[in-house]
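A structural walkthrough
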Amino acid sequence: MILADEPLDTLKKRIGERIHLRGIDTMRKILEAQYLCKTFNGKAVLKEISFQVKEGEVFGLLGPNGAGKTTMIRIILDILKPDSGVVHLFERQIDEKTKELIGYLPEERGLYPKITVFRCLKYFAELKGLKDPKNRIDFWLEKIGLLGHKNRKVGELSKGMQQEIQFVVSILHDPDFIILDEPFVGLDPINTKVIKDILLELKSKGKTVVLSTHQMDQVEKMCDRILMINKGKSVLYGDLENIKAKYGRSIKVEFKGELKRIKGVKKMSNYGKYAELTLSEEIDPQVVLKALTTQVKIRKFEISAPSLNEIFVDVAQR
Amino acid sequence: MNKAFIVAKHEFLTTVGSKGFILVCIVFPLLIAVPALLFTGSIRSMVTKTPDAIGFVDQTNSLQESKGFIKFPQEEQAKETLLQNEIKFFFVVSSDYYDTGKVFFYSKDDPFSSVSTESVKEFIIENLLREFNLDERVKERIRNPMKQEEFELDRRGEIEKKKSGISSFFPYLLAVVLIMGMLTPSGYMVQGIAAEKENKSVEILVSSISSNQLLTGKILGLGSAAMLQVTIWLVLGITFMFLTPLGPVLQQMELPGLLWMVVPYFILGCLLFAASMACVGTFAGSVREAQQSIQVFSLLAVLPLLFLSSISQSPNSIIARVLTYIPYTCPVTTMMRLSLTEVPLFEIIVSILILLISVIVMIRLSARIFRIEILMYGKKANLRNILRYLKG
């Protein structure tokens, strides 16, 4: 629990229910999807997708536009029904009770512009089963620096502020499982940091987060495991470090000059002053370094695993 | 608390707290009351002090002054007093009055100025009666020759009491109030759903509660707001009416004994139209599209008014009975009939049952279609797809 304002009897009841839901396994599967298929107008949007999300992890759901991520999220939330396959949340099928344990930030944001921030948050909190959410609303508004805007109409706030309010909607009821669809879109670096810090705090409290985003740097920094889907198929799934290791070595180089093709480099992403080079297995990085010095003036040279961005682009273009 | 009640509370508070609601609640009765008050001169009497006294010049020299009537020897003096605003108006009883009955009225050129001939008539009659030594009962009959009661024979020759003046206007008034009241939540409903679809908040809502609970809550909340609105209209409307000279006339109006039946018909009518409009709002792509679609259902509500003269003349005719059994026309038709005649009890029970079943079916159907619309994200809902999903 992040807040201690919940009445003791309610708290006990909730904890009791969770214990009942979770059983005694310490590595609980919060979410398990098996062989999910979904077709729209004859076009397969999801093709036999299976994955698990474990308690307390930040799980990245990745894929290019139109890959089927949002459809997947809507199936998890029981907004859409799959054509075949099953989803288990907290080791059972989703129902009205389990919905109260989920926090959801949809990609297409939706708040009521004509009512006050407080009323809007109170309404969504009550729908999630919170009886007296006033203290929690004040707590979270203070945390994101918007307590002073509590009595203003939602429509009067800036787009970034509305996005933060929408984020609070998804966590206000202290859910155990949080799905965030593109949470950082439209936020400035300061607000991005605020949201990121809150997410890490939630993770440290044992909450499970599914993060669907195109911002690979955030996924790389925050996610423990990922699922990448492309054209409705699961193309990458598992521990992020293992996936990166499988993709071989990579060289990150900052330079001045004109970079040309180098022998032994499978793929080169050149940004003008920075480049990422994926090496073939047999090539020695020292040979590449030598070749680079003949072409450009090197400012920084780093041998590492390929970035998730490189892997994403590589997989999406296949 | 059931989540449908949370939605109902939210919808009610959001609606009654909106500027539009307050505007409609206050402005609408004013639109009716202000012209009525202007027309009857009541505003003038409320805002300025108008004299009560009436002047007269008697060229027959037979009328005597009495309370509220001031006698002037010449017209010139009466005119001067009128211009000084000391009398309301004056009249001149012509010298050949006993032969011709001519009386000339003079008032100021003022839109609020009016002459009340009825009080002058009473004044002249009292003066004329003084000249004859008549029995007091005869005098009373000269003052009020008759107290009228009219009866009508129906086709079977049975006698029914005919509604008098203002009472015969009652069914029309009732129908208009009912139609406006029933369509009010529908308007809010269709706009609310379309707006939620437009601003995407519906996705959070359906991830928290079932579409059945969501729609039931919306219908209850918006229906309650509509009932509050109609109650405010009625209270304000009746208050304003009693400020006009129509007040005493309204007091004499004969209200039908089953007027309380308006409550169940109104509630069920509100729910039926609101549930139907939920479908419209679900299909509409935007608030503007939704508003255009309302007109179709508005026509259904207004349909009984097209048969008003037929229903008024024959409240138990086939047309009236058929309209009583059609859910969308039932509330207005039945209340119009009830205000005109006695409607058989079984017809009332059957019509309420039909209405109740229609409301339940429509709420469930709307919730299902609402869910289907969500299932078909990003696609235009067409009839073929909806029928396919409904069957499934």
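Residues numbered from 1 in each chain as written. Chains lettered and ligands numbered in written order. Predicted model: local features only at pLDDT ≥ 70, side-chain atom pairs only at ≥ 80, totals over all residues.

Turning our eyes to something else, we now look at the overall build of chain B. Helix and strand content of chain B: 18 helices and 6 strands. By residue count, 33% of the 392 residues in chain B fall in the buried class. Long-range pairs, those at least 24 residues apart, make up 72% of the contacts in chain B with a sequence separation of at least 6. (Helix = DSSP H or I, 4+ residues; strand = E, 2+ residues; numbered from the N terminus. Buried ≥ 20, exposed ≤ 12 C-beta atoms within 10 Å, placed from the backbone. Contact = placed C-beta atoms within 7 Å.)

This part takes up the interface of chain A and chain B. Tallying the contact residues gives 21 residues for chain A and 18 residues for chain B. Those elements that provide at least two residues to the side of chain A that touches chain B are α3 (96-99) and α4 (117-127) of chain A. When residues of the side of chain A that touches chain B are assigned to their parent elements, the largest contribution, 4 residues, is made by α4 of chain A. Looking at the side of chain A that touches chain B residue by residue, the class counts come to 13 nonpolar, 1 polar and 7 charged. (Nonpolar A, V, L, I, M, F, W, Y, C, P; charged D, E, K, R; others polar.)

Backbone-to-backbone hydrogen bonds join strands into a sheet, with any given pair of strands oriented parallel or antiparallel. Residues and elements named next belong to chain A. Pairing within the open sheet is mixed, and its 6 strands lie in the order β5-β6-β7-β3-β8-β9. Either end of the sheet is taken by a strand with one partner, and the two such strands are β5 (102-105) and β9 (233-239). With direction set aside, neighbouring strand axes in the sheet form an average angle of 15°. Pairing of β5 with strand β6 (residues 177-181), which is carried by 4 bridges, proceeds in the parallel orientation. (Pairing = 2+ DSSP bridges. Axes fitted to C-alpha atoms, helices over the stretch in contact; angles between N-to-C directions.)

All names here are of chain B. It is the contact of helix α15 (residues 318-325) with helix α16 (residues 330-340), at a shortest axis distance of 7 Å, that shows an interaxial angle of 135°. Considering their axes alone, α15 and α16 lie oblique with respect to each other. In this structure, α15 crosses over α16, and the sense of that crossing is left-handed. Of α16, the residues touching α15 (which contributes A320, L323, T324 and Y325) are C330, T333, T334 and R337. Grouping the amino acids of the contact of α15 with α16 by side-chain chemistry returns 4 nonpolar, 3 polar and 1 charged. (Parallel < 35°, antiparallel > 145°, perpendicular 65-115°, else oblique. Left-handed = near helix turned anticlockwise from the far one by under 90°.)

Quick look at unusual backbone geometry now. With a phi angle near 45°, E48 of chain A is a residue other than glycine that sits in the positive phi range. Of note, E48 of chain A is situated in strand β2 (residues 43-54).

Residue and element names in this part refer to chain A. The pairing of strand β10 (residues 250-256) with strand β12 (residues 274-279) spans 5 bridges and is classified as antiparallel. Counted as the bridge partner of S250 is T278 from β12. Note: strand β11 (residues 265-270) against β12, 5 bridges, orientation antiparallel. Along β12, the bridge assignment pairs S269 with E276.

A few words on the packing of helix α12 (residues 262-283) of chain B against α16 of chain B. Residues and elements named next belong to chain B. Where α12 meets α16, the closest approach of the two axes is 9 Å, and the angle between their N-to-C directions is 165°. As far as their axial angle goes, α16 and α12 are roughly antiparallel. Note on packing geometry: the crossing formed by α12 with α16 is left-handed. Residues V262, Y265, F266, L268 and G269 of α12 form the contact with α16, whose own contacting residues are P331, T334 and M335.

Right, let's talk about the sheet that holds strand β13 (residues 297-304) of chain A for a bit. Residues and elements named next belong to chain A. Spatially, the 4 strands line up as an open sheet ordered β11-β12-β10-β13, and their pairing is antiparallel. Edge positions in the open sheet fall to β11 and β13, since each of these has one partner strand only. With strand direction ignored, the average angle separating the axes of adjacent strands in the sheet is 20°. Contacts between helix α10 (residues 285-295) and the sheet are confined to β10, β11, β12 and β13, with β13 contributing the most and set at about 165° to the helix.

Let's shift gears to the nonpolar core. All names here are of chain B. Ranked by size, the top nonpolar core spans 131 residues in total, and within it A274 and A278 carry the most contacts. Looking at this core, the element that brings in the most residues is α12, giving 15 residues. Residues F69, I87, V93 and F123 belong to the second largest nonpolar core, which totals 12 residues. (Core = buried A, V, L, I, M, F, W, Y, C linked by C-beta atoms within 7 Å.)

Before going further, it helps to examine the confidence of the model for chain A. The predicted structure's coordinates, where accompanied by low pLDDT, should not be read in detail. Within chain A, residue pLDDT values average 84, and 91% of them lie at 70 or more. Note that residues 15-25 of chain A has pLDDT below 50 and, in this model, 7 contacts with residues that lie over four places away or in other chains. (pLDDT = per-residue confidence, 0-100.)

All names here are of chain B. Tracing the chain through its elements places C330 in helix α16. Counting along the chain gives 65 residues from C330 to Y265, while the straight-line C-alpha distance between them is 8.1 Å. The residues touching C330, leaving out its near neighbours within four places in the chain, are T324, Y325, S351, I354 and L355.

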